[in-house]
4 protein chains.
Amino acid sequence: NLFRQNEIRIGVMPTGRLNAITDVQGVKVGQVTIVQGDSVRTGVTSILPHGGNLFQQKVPAAVFVGNGFGKLAGTTQIAELGTIESPIVLTNTLSVAAGIQGIIDYTLQQPGNEKVQSVNAVVGETNDGYLNDIRGMHVSKAQVLQSILQADTGVLAQGNVGAGTGTVCFGWKGGIGTASRQLPANLGGYTVGVLVQTNFGGVLEIAGVPVGQLLQKYALKDELNHTPDGSCMIVVATDAPLDARNLERLAKRAFMGLAKTGGIASNGSGDYVIAFSTANKVPHQPTATVLPVQYLHNEATTPVFMAAIEATEEAIINSLFAAVTMKGKAGRTIEALPKQEVLELIKNYKRGKAQ
Amino acid sequence: NLFRQNEIRIGVMPTGRLNAITDVQGVKVGQVTIVQGDSVRTGVTSILPHGGNLFQQKVPAAVFVGNGFGKLAGTTQIAELGTIESPIVLTNTLSVAAGIQGIIDYTLQQPGNEKVQSVNAVVGETNDGYLNDIRGMHVSKAQVLQSILQADTGVLAQGNVGAGTGTVCFGWKGGIGTASRQLPANLGGYTVGVLVQTNFGGVLEIAGVPVGQLLQKYALKDELNHTPDGSCMIVVATDAPLDARNLERLAKRAFMGLAKTGGIASNGSGDYVIAFSTANKVPHQPTATVLPVQYLHNEATTPVFMAAIEATEEAIINSLFAAVTMKGKAGRTIEALPKQEVLELIKNYKRGKAQ
Amino acid sequence: NLFRQNEIRIGVMPTGRLNAITDVQGVKVGQVTIVQGDSVRTGVTSILPHGGNLFQQKVPAAVFVGNGFGKLAGTTQIAELGTIESPIVLTNTLSVAAGIQGIIDYTLQQPGNEKVQSVNAVVGETNDGYLNDIRGMHVSKAQVLQSILQADTGVLAQGNVGAGTGTVCFGWKGGIGTASRQLPANLGGYTVGVLVQTNFGGVLEIAGVPVGQLLQKYALKDELNHTPDGSCMIVVATDAPLDARNLERLAKRAFMGLAKTGGIASNGSGDYVIAFSTANKVPHQPTATVLPVQYLHNEATTPVFMAAIEATEEAIINSLFAAVTMKGKAGRTIEALPKQEVLELIKNYKRGKAQ
Amino acid sequence: NLFRQNEIRIGVMPTGRLNAITDVQGVKVGQVTIVQGDSVRTGVTSILPHGGNLFQQKVPAAVFVGNGFGKLAGTTQIAELGTIESPIVLTNTLSVAAGIQGIIDYTLQQPGNEKVQSVNAVVGETNDGYLNDIRGMHVSKAQVLQSILQADTGVLAQGNVGAGTGTVCFGWKGGIGTASRQLPANLGGYTVGVLVQTNFGGVLEIAGVPVGQLLQKYALKDELNHTPDGSCMIVVATDAPLDARNLERLAKRAFMGLAKTGGIASNGSGDYVIAFSTANKVPHQPTATVLPVQYLHNEATTPVFMAAIEATEEAIINSLFAAVTMKGKAGRTIEALPKQEVLELIKNYKRGKAQ
């Protein structure tokens, strides 16, 4: 990726092997991009905490609400029970119902779930209505199901794909982004991976360089004629053995990473973080009422927190560097970040190669 | 109703005219009951805070989660913005997507909403899967829409109707129930109305009489062979001018009313309270950034709180007295509360007519 | 106790051996009653989750706020870290500082804590200012320390003692109350113990009998000339291996027990529940970053929840039955519940011996 | 101030006249610095939302907990009632009791409060125990009272003063800092002022320049031999007419400002934001139960949010630029930020004068 190729660094910690959420062992991502005609620019991105039966083997999880102008489904049950039991589906604001339906269909059909009568579908969204005919509701439950079924480990596409197909970030084309951090062995060697769907505004900073100001494109610049509204969905995965309480704390740190990119969590923004850990599974039908588990002591959480801040900041920037100019609804165009110009700016500010 | 006819009273406050949520001026309720063949026993109940365009004229609102094993859609935006902008739809657990879709269709189609691209659909549910073929997902978005469109003020049906068609409460047939309380003029004269969808367990008490124990039917009686799981959706309406913060407090009191019926909020229960006030509308497009409003001072909230406790307790009991025996899925039958026997018990315990 | 002697029962579960919070193995309670001259009527009640060094061996814990008009110290750290590291001290509203100071002195002085520089003191309160010269602040840190040092297992005094010396409940003399429930072996055999400091109002019910109405003494009876304000501090102990998340859920159930006594959580009430588990200790200085622990699965929590509801309801009633008439500040008197009359009423309503 | 003198800018909005919390009309700050002998390095900083009787004329307020390893007193009542009724006192971790006592004494003694029996004291803290003999508890309630009584509008001291006397930030000497932002007239013209007590760690960035990395001093650098623990208390004042709900949202944005300085909210950090608005007063004894008020519509909050982010970031940096090297307990020294070196670094990164 252009960003890393130019030796620009965010933070002080090393990335995982792929610099992606899939660096967390077992995590799978599937994406369906829906581009039709002049005005359909949307899609679905599904994140699977593991490749098995998620309903039968739930994972500890938590949600942090940065700003709750959004329709994220599934939050209260996650908070109550401390687990996620479904794929996490990201899509557009008016397609949450399709997302829920797709997850339910998927779950009911899985072998072993023949008697399941209740599924807590986790569906996040941002509003791609500037480029996409969102009122047309062009995401079907079949496409949601497809995104789940084709989810895979390994490298994943970023930018104008899946749920990021039609999104806008800091006035430029946003989309799906991902990044990861890996702790040194003496801090546990854990991996934290992040995936974002970027659709928000503010005053863009890249590795501390005030790119938004330099390009004269930022929130409230012309006194509200440019709205910063929008949203950011953030999914954080880790193999650190965190329980739900510490995952909520981890989720809050991802929001700090968003802040570092210049995001301002404007009134109209739906900024949510969903965090889960793959280290302990929570069986739907436990063999005993008391379960032995292993959890990280509070005192050992700080490096994991720091990794989430860095990985989120970089995942957001990666979404901008991966995205390309997109034409959509009503003849509108959202330009990609002018990457060469931005790289020059960054170098001029002593970051990256020329430093 | 049998309960009041027998001069059994819950609490110390007078009811509103209809003893129903529709005693709150402007509130409308619409219900679609879906009974097909041997195993479809479900439905939809919609509550409209007012009869106008809810998206354009939102109402202050809040949610309290008693126990969050449920899929209530729309909570985080209510918490963030302090408003509800859609009908409140109640249905079964696996039909939340249909509920959301029906609300979105309704909202997008309303005159004045031609440019709306984001709708926070509020959809609650309980699990009617004991009597209903819930995996069949027999609620359509058209039926949701129908329940909204036929919503009306005035008397409303209780028991085996709408979202209460297939529910079970304290081991007896539950369903939709409603009740209200009206404050005396010197306490503001406000009305609090409650509607419940009862599908939960515990140790039933009616007006303090230990009916569950007397009938030998209660939670954990035979050490977990009778599961108390289930859920209760509670909607509280008031014309008292409460802001979102005080509505959240009001919602918490409704949960106290549930406790008084013997509900125990078991692990598997999705017990939610949605509270709204009709006194102040919040315009989607305000004419000014600073809005003059009138809110009740904290010090004047206690009588309103007490009304919510009483009305919720009675609404739950009313759901039991209104419900009738229902046969459903897999040849199962859930008996209605044996009303004459229960009335005798209550009299024997010095409540009601014989007192 | 008069209540049990008359064979009145609350709920369906058996009590622990002492029907007290100290039925939970290791829990200690210490109380200092401060009655001086005509107008000092206050005190301190301390609850120790175990008899060892609480700072070095913390216990999982959580707080639920029923109504937050109160000054409970220590809540945010409990929520963040999921533990309590100090005795829990109850006293009067204006003596919270003395409570904190007493806890800090105690903690800093304990062997092994020579380097401790931070202590999260947990101090709850209710306002005994009707009978007590609360503005005089007659609780000293030395008395707080004394209550901690003399804490013991076994039977504990109830009624006008410790932090309950000057409190008022449902218009009658309140005070300290305690109760417990024990689960059958096949549900885990766990014990739940509750201690309350009762100082609140509403419409009193005892075992479902509408005592408040029968005695013509209840909230809002004369339209606000009798204020229901006040508070209830509730401490819930259990040896069930609950983590902080499930302890918060347990705490919420105690609030349901309060509701069953007729409490209404009026605007001015500080109703808090502090719940802790003695099953897993959380070391201040862990020997490893990942700790093996054993926690109860969500699915096994319901009986523990139900025990908390019952024990809280009974602990409140016990505080009323144990309390005696008290004269205090400004020549005021608060009468004890007229016990014989109430027992007759209860019998007349088919509860208790004559049933 | 060196920072602004060198034309370094944080954000895009103009400051208020003094670039201080006292730019919000009526807000007063009082500080008592306690330096005695070799090892007492502590103090008190009090913030008064207005100069009148705060108990009788409360202000709308909210708290956001960034990381709750701290002892902030008063949070649950603020959340429940939506108001602050006392000065906000900042001090050290083990002196919270003195802070509460000082506030209570102050409040009980104020004319008009002769009958007050309940005060919700708001006391925040950070742990200055590295330089200060914190176990000696050298802050008295008299000094707390003094800080309140001498509170004033206008310019206020920053750095090693008051509650910031002994604090450490990013490994350098921290302390008290302040800053403000003023919105343009067409966005309401509101002022947002921030005061911070900085005592936390992370990877320092100043206006985006990676100062912590350049100076080789940052969290986890030597793999946990340098602990990033600590805390940050943040107080946000505004004259924008926000209600408690929107003040909580505002408080959350201040935490984003902390993130932009490189703070990581480590496990051991007590990072709290207290936000209040001076626009509407809430009378303790209202003349009517329904009060007409004027609140900002949700849609107009974004610029106020952005101002809080910028002002918090700058207030933290200001605390570092104002602080000077301090010797304290056990012969320890904490160096001031090497200001000239840092200014050179910043210029070299194209910020400030030479740009």
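Before reading on, note that the structure itself is shown above.
Since the model is a prediction, treat every value here as computed from it, not as a measurement.

Caption draft 1: Region of the structure containing the overall build of chain A. Helices and strands together make up the secondary structure of chain A, namely eight helices and 16 strands. What you see for chain A is a C-alpha radius of gyration of 19 Å, in line with the 20 Å of a compact globule of 355 residues. A burial count over chain A gives 72% of its 355 residues as buried. Here the analysis covers contacts within chain A between residues at least 6 apart in sequence; of these, 79% occur between residues at least 24 apart. Here chain A displays about 10000 Å² of accessible surface, and carbon together with sulfur accounts for 47% of that area. Charged side chains in chain A number 28 positive and 26 negative. The centres of these two groups are separated by 3 Å.

Caption draft 2: Fine view of the interface of chain C and chain D. With 38 residues of chain C at the contact, the number on the chain D side is 38 residues. With both sides pooled, the region where chain C packs onto chain D buries about 3000 Å², and carbon together with sulfur makes up 51% of that total. Looking only at chain C, the three residues that lose the most surface to chain D are Thr76, Gln117 and Arg135 of chain C, adding up to 23% of its buried area. For the pair chain C and chain D, the interface holds zero salt bridges. There are 25 residue pairs in polar contact (both at pLDDT 80 or more) connecting chain C and chain D. Here the side of chain C that touches chain D gets seven residues from one element, more than from any other, and that element is helix α3 (residues 96–109) of chain C.

Caption draft 3: Focus on the relation of the copies chain B and chain C. When chain B is fitted onto chain C, the two copies agree to an RMSD of 0.0 Å after a turn of 180° and an axial shift of 0.0 Å. In symmetry terms, the pair is related by a two-fold rotation axis. The position closest to the rotation axis in chain B is occupied by the C-alpha of Gly208 of chain B, lying 1.8 Å away. Both copies contact each other with a shared surface, as 100% of the interface residues of chain B are interface residues in chain C too.

Caption draft 4: Structural detail: the interface of chain B and chain C. Each side of the interface is counted separately: chain B has 52 residues, and chain C has 52 residues. Buried area between chain B and chain C, summed over both chains or domains, comes out near 3900 Å², and the portion from carbon and sulfur atoms is 58%. Scanning the region where chain B abuts chain C turns up two salt bridges. A salt bridge links Lys260 of chain B to Glu205 of chain C, with the shortest nitrogen-to-oxygen separation between them at 2.6 Å. Split into classes, the residues belonging to the side of chain B that touches chain C amount to 27 nonpolar, 15 polar and ten charged.

Caption draft 5: Here's a closer look at the packing of helix α7 (residues 302–322) of chain A against helix α8 (residues 339–348) of chain A. Residue and element names in this part refer to chain A. Where α7 contacts α8, the two axes come as close as 10 Å, and the packing angle between them is 135°. In terms of orientation, α7 and α8 fall into the oblique class. Each of Leu320, Phe321 and Ala322 in α7 lies in contact with α8, whose residues at this interface are Lys339, Val342 and Leu343. Of the residues that constitute the contact of α7 with α8, the class distribution is five nonpolar, no polar and one charged.

Caption draft 6: Inspection of the pattern of salt bridges at higher detail. Residue and element names in this part refer to chain A. Across all of its chains, the model carries 36 salt bridges over all chains by this definition. For Lys58, the salt bridge goes to Glu85, with nearest N and O atoms at 2.8 Å. Of this pair, Lys58 sits in strand β3 (residues 57–68) while Glu85 sits in the loop between β4 (83–84) and β5 (88–92), and the two are 27 residues apart along the sequence. An identical accessibility class is assigned to Lys58 and Glu85; each is buried.

Caption draft 7: Up close: the sheet that holds strand β6 (residues 122–126) of chain D. Residues and elements named next belong to chain D. Spatially, β1-β2-β5-β6 is the arrangement adopted by the four strands of the open sheet, whose pairing is mixed. Here the strands that pair on one side only, and so sit at the sheet edges, are β1 (28–36) and β6. The mean angle between the axes of side-by-side strands here comes to 15°, regardless of whether they run parallel or antiparallel.

Caption draft 8: Broad picture of the sheet that holds strand β5 (residues 88–92) of chain C. Residue and element names in this part refer to chain C. Taken together, four strands build an open sheet; the order of strands is β1-β2-β5-β6 and the sheet is mixed. Of all strands in the sheet, those bounded by a partner on one side alone are β1 (28–36) and β6 (122–126). Between one strand axis and the next, the sheet turns through 15° on average, direction left out of account. The pairing of strand β2 (residues 40–48) with β5 spans three bridges and is antiparallel. The partner of Ser46 across the bridge, within β5, is Val89.

Caption draft 9: Here's a closer look at unusual backbone geometry. Positive phi values are uncommon outside glycine, yet Glu7 of chain A reaches one of about 60°. Structurally, Glu7 of chain A can be placed in the loop between α1 (2–5) and β1 (28–36). By relative accessible area, Glu7 of chain A is classed as partly exposed at 45%. One non-glycine residue, Ala207 of chain B, lies in positive phi territory at about 50°. Tracing the sequence through the fold places Ala207 of chain B in the loop between β10 (191–199) and α5 (211–214).

Caption draft 10: Main features of α8 of chain A. Residues and elements named next belong to chain A. Within α8, burial applies to Lys339, Val342, Leu343, Leu345 and Ile346. Looking straight down α8, one finds its buried side chains confined to an arc of 160°; they lie on one side. The elements touched by buried residues of α8 are α1, α5 (211–214) and α7.

Caption draft 11: Layout of the side chain of Gln110 of chain A. Residues and elements named next belong to chain A. By the element assignment, Gln110 lies in the loop between α3 (96–109) and β6 (122–126). One polar contact links Gln110 to Tyr106, side chain to side chain, over a distance of 3.1 Å. Not counting the four nearest positions on each side in its chain, Gln110 is found in contact with Gly52, Asn53 and Leu54.

Caption draft 12: Main features of helix α4 (residues 141–149) of chain C. Of all the positions in α4 of chain C, only Gln143, Val144, Leu145, Ser147 and Ile148 of chain C are classed as buried. The secondary structure elements touched by the buried residues of α4 of chain C are β1, β2, β5 and α3 of chain C.

Caption draft 13: Local environment of the pairing of β3 of chain A. Residue and element names in this part refer to chain A. Within β3, ten of the twelve residues are buried, which leaves it mostly tucked inside the rest of the structure. Alignment of β3 against strand β13 (residues 282–283), held across two bridges, turns out to be antiparallel. Its bridge partner being in β13, Gln57 is matched across the sheet by Pro283. Judged from the two bridges that link them, β3 and β4 form a sheet pairing that is antiparallel. Residue Val59 lies in a different strand from β4, and its bridge partner there is Ile84. Across seven bridges, the pairing between β3 and strand β12 (residues 270–277) is antiparallel. Bridging across to β12, Val63 finds its partner in Ile274.

Caption draft 14: Layout of the pairing of β1 of chain D. Residue and element names in this part refer to chain D. As defined by bridge partners, β1 adjoins strand β2 (residues 40–48) across nine bridges and the pair is classed as antiparallel. Each residue of the ladder has a partner; that of Gln36, found in β2, is Val40. The antiparallel hairpin formed by β1 and β2 contains three residues in its connecting segment, where Gly37 sits at a positive phi of about 55°.

Caption draft 15: Broad picture of the side chain of Ser231 of chain D. Residue and element names in this part refer to chain D. Relative to the helices and strands, Ser231 is located in strand β11 (residues 231–238). Taking the relative accessible area as the measure of exposure, Ser231 reaches 5% and is therefore buried. Look past the residues within four positions of Ser231 in its chain and what remains in contact with it is Phe69, Glu125, Thr126, Gln197, Thr198, Asn199, Phe200, Gly268, Ser269, Gly270 and Asp271.

Caption draft 16: Inspection of the environment of Pro87 of chain C at higher detail. Residues and elements named next belong to chain C. Inspection of the secondary structure assignment puts Pro87 in the loop between β4 (83–84) and β5. Between the alpha carbons of Pro87 and Ile148 there is a distance of 7.2 Å; along the sequence they are 61 residues apart. Here Pro87 is in contact with Ile47, Leu48, Leu54, Ile103, Tyr106, Val122 and Ile148, once residues within four sequence places are set aside.

Caption draft 17: Just the packing of aromatic side chains, in detail. A complete count under the given rule lists 14 aromatic pairs over all chains for this structure. Judged by centre distance (5.0 Å) and plane angle (65°), the ring pair of Phe170 of chain A and Phe200 of chain A falls under edge-to-face. Of the two residues, Phe170 of chain A sits in the loop between β7 (168–169) and β8 (172–173) while Phe200 of chain A sits in the loop between β10 (191–199) and α5, which places them 30 residues apart along the sequence. Residue Phe170 of chain A shares its accessibility class with Phe200 of chain A, and that shared class is buried. Taking 5.4 Å as the distance between ring centres and 45° as the angle between the ring planes, the aromatic pair formed by Phe3 of chain D and Phe321 of chain D counts as tilted. Here Phe3 of chain D is found in helix α1 (residues 2–5), whereas its partner Phe321 of chain D is found in helix α7 (residues 302–322), with 318 residues between them in sequence. When sorted by exposure, Phe3 of chain D lands in the same class as Phe321 of chain D, which is buried.

So, how was this worked out
Residues numbered from 1 in each chain as written. Chains lettered and ligands numbered in written order. Predicted model: local features only at pLDDT ≥ 70, side-chain atom pairs only at ≥ 80, totals over all residues. Heavy atoms only, no water. Helix = DSSP H or I, 4+ residues; strand = E, 2+ residues; numbered from the N terminus. Rg over C-alpha atoms; globule rule 2.2 N^0.38 Å. Buried < 20%, exposed > 50% of the residue type's maximum accessible area, 1.4 Å probe, protein only. Contact = heavy atoms within 4.5 Å. Areas by Shrake-Rupley, 256 points an atom, 1.4 Å probe, with all protein chains shown as cover. Lys, Arg positive; Asp, Glu negative; His and termini not counted. Charge placed at Lys NZ, Arg CZ, Asp CG, Glu CD. Buried area = accessible area lost by both parts, 1.4 Å probe. Salt bridge = Lys/Arg side-chain N within 4 Å of Asp/Glu carboxyl O. Polar contact = N/O pair within 3.5 Å; in protein donor to acceptor, adjacent residues only side chain to side chain. Least-squares fit on C-alpha atoms with pLDDT ≥ 70 in both. Nonpolar A, V, L, I, M, F, W, Y, C, P; charged D, E, K, R; others polar. Axes fitted to C-alpha atoms, helices over the stretch in contact; angles between N-to-C directions. Parallel < 35°, antiparallel > 145°, perpendicular 65-115°, else oblique. Pairing = 2+ DSSP bridges. Arc of directions from axis to C-beta. Phe/Tyr/Trp six-rings, centres within 6.5 Å; stacked < 30°, edge-to-face > 60°.

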